[in-house]
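Geometric and topological summary
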Amino acid sequence: MNRIKQIIRHTAHTAEVVIESASIASSARAGHFVMIRFSEKYPRIPFSIVDTDPAAGTFTIIIHKGARLSELIDSLEPGQELPNLLGPLGQAFPIKKYGTVLCIGDGEGFVPLLSVMKALKEAGNKVVSVLSEFSEQTSCLRGNAERYADRVLLSSSKEEAVAITENLSAEGSVDLVVITGPTDMLSLISETTKRLGIPTRCILNMIMLDGVGICGICRVMVGGERKLTCIDGPTFDAHLVDFDQLWNRQRNFV
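Residues numbered from 1 in each chain as written. Predicted model: local features only at pLDDT ≥ 70, side-chain atom pairs only at ≥ 80, totals over all residues. Heavy atoms only, no water.

**Concerning the overall build of the chain**
- Counting its regular elements, the chain contains eight helices and 15 strands.
- Along the first, second and third principal axes, the C-alpha set of the chain runs to 50 × 35 × 30 Å.
- Residue burial in the chain is summarised as follows: out of 254 residues, 50% are buried.
- In the chain, of all internal contacts separated by at least 6 residues, the share reaching a separation of at least 24 is 66%. (Helix = DSSP H or I, 4+ residues; strand = E, 2+ residues; numbered from the N terminus. Buried < 20%, exposed > 50% of the residue type's maximum accessible area, 1.4 Å probe, protein only. Contact = heavy atoms within 4.5 Å.)

See the structure below:
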């Protein structure tokens, strides 16, 4: 049975939704996502899986009120059945012991990092997180980040996030950087880490219609090859992603 078990409303803009689905709860790994249609009123929308409880048969997503979701949070109720739920989708993040991992996300775009941070910490890594574009609307995400990070830093812009990355690199070893958020921020930080010689993986947040590679709307060029974010990603080597091409495509959907 696919239905909402619990809703935790942090603010008028953000809510955690716990969903009953034993199959997804038992098979999802860090980096996976789901496609959900909450009612006939809404399209199928991709959401990162931020946590799972296999024993309870549940998984958790975070909804941040955006243009397409202006009424969604207020409309949800515990016990509500979901007419359409598909997952887990995508490729799991490669979890292992890297050493010190710097995780950088932007506002509500920080959400895809949460399950990755948890898994990295459980694998024995030191996790430092940078929450960029921090605001009152997304302040609840700081508590989520603090559950799994050894250190949480806040930045007010992508430029400040870059400066933090450079400073941490100068202070000592950063073995891996993981980034998610808007394309301009991903591009800027990726250029910085490439110059610094730090391996970097990005988690792309793309518009999707089906989530299984049929529509092709989430395509991206990686290392000169055409990839689909929904089935080949959402995690890619950031130094191989053509962010200029990605930005040009995304402007068509703004």
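That was the structure; now back to the text.
**Section: helix α6 (residues 183–196)**
- Here α6 spans 20 Å end to end across 14 residues, near enough to the 20 Å set by a 1.5 Å rise per residue.
- Among all positions in α6, only Thr183, Met185, Leu186, Ser187, Ile189, Ser190, Thr192 and Thr193 are buried. (Expected span 1.5 Å × (residues − 1).)

**Overview of the packing of aromatic side chains**
- Under the counting rule described, the total for this entry stands at one aromatic pair.
- The ring of Phe93 carries Arg201 above its face, with NZ or CZ at 6.0 Å from the centroid. (Phe/Tyr/Trp six-rings, centres within 6.5 Å; stacked < 30°, edge-to-face > 60°. Lys NZ or Arg CZ within 6 Å of the ring centre and 35° of its normal.)

**Here's the deal with the side chain of Glu16**
- Within the element layout of this structure, Glu16 appears in strand β2 (residues 14–20).
- Among residues more than four places away in sequence, those in contact with Glu16 are Gln6, Ile7, Ile8, His10, Thr60, Ile61, Ile62, Asn144 and Arg147.

**Structural notes on the pairing of β2**
- Counting buried positions over the seven residues of β2 gives seven, a clear majority of the element.
- Burial along β2 is two-sided: the residues Thr14, Glu16, Val18 and Glu20 and Ala15, Val17 and Ile19 are all buried.
- Bridging between strand β1 (residues 3–9) and β2 involves six bridges; their strand directions are antiparallel. Opposite Arg3, over in β2, you have Glu20 as the bridge partner.
- Where β1 folds back on β2, the antiparallel hairpin that results is connected by four residues.
- Of the pairings in the sheet, the one linking β2 to strand β6 (residues 58–64) comprises seven bridges and is antiparallel in character. (Pairing = 2+ DSSP bridges.)

**Notes on the sheet that holds strand β4 (residues 45–48)**
- Reading across the sheet, the three strands line up as β4-β3-β7 and stay open at both edges, with antiparallel pairing between neighbours. At either end of the open sheet lies a strand with only one pairing partner, and these are β4 and β7 (84–89). Pairwise comparison of adjacent strand axes, ignoring direction, gives a mean angle of 25° for this sheet.
- Sheet topology note: the strand β3 (residues 33–37)/β4 ladder contains four bridges and is antiparallel. Its bridge partner being in β4, Ile36 is matched across the sheet by Ile45. (Axes fitted to C-alpha atoms, helices over the stretch in contact; angles between N-to-C directions.)

**Regarding the sheet that holds β2**
- Strand order in the open sheet made by the four strands is β1-β2-β6-β5, with antiparallel pairing throughout. Edge strands, defined here as strands with exactly one partner in the open sheet, are β1 and β5 (51–53). The mean inter-strand angle of the sheet, taken between neighbouring strand axes irrespective of direction, is 25°.

**A short note on the nonpolar core**
- Formed by 33 residues in total, the largest nonpolar core has its most connected members in Leu102, Ile104, Ile179, Cys202 and Leu204.
- The set of elements that each furnish at least two residues to this core consists of β3, β8 (100–106), β9 (126–132), α5 (158–171), β11 (176–180), α6, β13 (219–222) and α8 (243–250).
- Take this core: its biggest share by element is four residues, from α5.
- Residues in contact with Ile104, not counting those within four places in the same chain, are Leu113, Val130, Ala161, Thr165, Val177, Val178, Ile179, Thr180, Met185 and Ile189. (Core = buried A, V, L, I, M, F, W, Y, C linked by side-chain atoms within 4.5 Å.)

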